[in-house]
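Descriptive analysis of the structure
Next come the chains, spelled out residue by residue.
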Amino acid sequence: MYSIHSFTKNYAELYDVLYRDKNYKREFKTIYSYLIRKKKVFNNILELGCGTGTFSKLFLKLKKSRILAIDSSKHMIKIAKKKNNNNRIIYKHLNISDFKSKQRFSLVYALFHVLSYQKNMSQTKNFFKISKKYLSKDGILVCDFLNKKNLIYSKPRQKFKFSRKKNLDIFRYAIPE
């Protein structure tokens, strides 16, 4: 299980390098095609767990949208602000459980396993409670999560990943117990 404390300054600085092969655009395209069929205007969007802001930038494709993006890592927020200097996105360093607003949102989304970072059932329930509370009447919640059946029946396997950032070689190992 990941911890909020995993998102240190060093990890945040390497995050986009480590996940450069993640196909954010394909995932967004799937979500976007669903959303445009709804024939709604998503002018107020809440992003829970924005990381370094890659999805924030993609969601600007929803015309007239304004995005409030929060993340528990101040280091991730700093990078997101630098990557997406756009007045339609506001980034805030904030835990999901501490989120409060007078505003309601036509779209709330939490992608790249943000839901999986909730450590227990209480936090998971609170995630959905907050999402529901801040959705507008006909609002839509989009989130992804791990598939329990797949986790149980797929055998863990050793993984190795190599990435390079400038003069830094990054080796990442995942070894099942």
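Values in this document were obtained by computation on a predicted structure and should not be read as measured data.

1. Examining the state of the cysteines
Taken as a whole and judged by the stated rule, the model has zero disulfides. For the unlinked cysteine Cys-50, the closest cysteine sulfur is that of Cys-143, found at 16 Å. Exposure remark for Cys-50: the relative accessible area of 5% places this residue in the buried category.

2. Observations concerning helix H2 (residues 24-37)
Between its first and last C-alpha atoms H2 spans 20 Å; for 14 residues at 1.5 Å apiece the expected length is 20 Å, and the two agree. Among the residues making up H2, those that are buried are Tyr-24, Phe-28, Ile-31, Tyr-32 and Leu-35. Seen end-on, H2 carries its buried residues on one side only, within an arc spanning 105 degrees. Exposed side of H2, more than 90 degrees from the buried face: Arg-26, Lys-29, Thr-30 and Arg-37 are the residues found there. Considering only its buried residues, H2 is in contact with helix H1 (9-18), helix H3 (54-59), strand S4 (105-110) and strand S5 (135-143). One or two residues past the end of H2 sits Lys-39, with phi positive at roughly 50 degrees.

3. Points about the sheet that holds strand S3 (residues 89-93)
On the basis of which strands lie adjacent, the open sheet formed by five strands has the order S3-S2-S1-S4-S5 and parallel pairing. Each edge of the open sheet is held by one strand with a lone partner, namely S3 and S5. Neighbouring strand axes in the sheet, compared pairwise and without regard to direction, differ in orientation by 20 degrees on average. Alignment of strand S2 (residues 66-71) against S3, held across five bridges, turns out to be parallel. Looking across to S3, one finds that Ile-67 is bridged to Ile-89. Across the sheet, helix H4 (residues 74-83) is in contact with S2 and S3; its angle to S3 comes to roughly 160 degrees. Sheet strands in contact with helix H5 (residues 121-134) are strand S1 (44-48), S4 and S5, and its direction is about 140 degrees off that of S5.

Each value, and the rule that gives it
- Residues numbered from 1 in each chain as written.
- Predicted model: local features only at pLDDT ≥ 70, side-chain atom pairs only at ≥ 80, totals over all residues.
- Heavy atoms only, no water.
- Disulfide = S-S within 2.5 Å.
- Buried < 20%, exposed > 50% of the residue type's maximum accessible area, 1.4 Å probe, protein only.
- Helix = DSSP H or I, 4+ residues; strand = E, 2+ residues; numbered from the N terminus.
- Expected span 1.5 Å × (residues − 1).
- Arc of directions from axis to C-beta.
- Contact = heavy atoms within 4.5 Å.
- Pairing = 2+ DSSP bridges.
- Axes fitted to C-alpha atoms, helices over the stretch in contact; angles between N-to-C directions.

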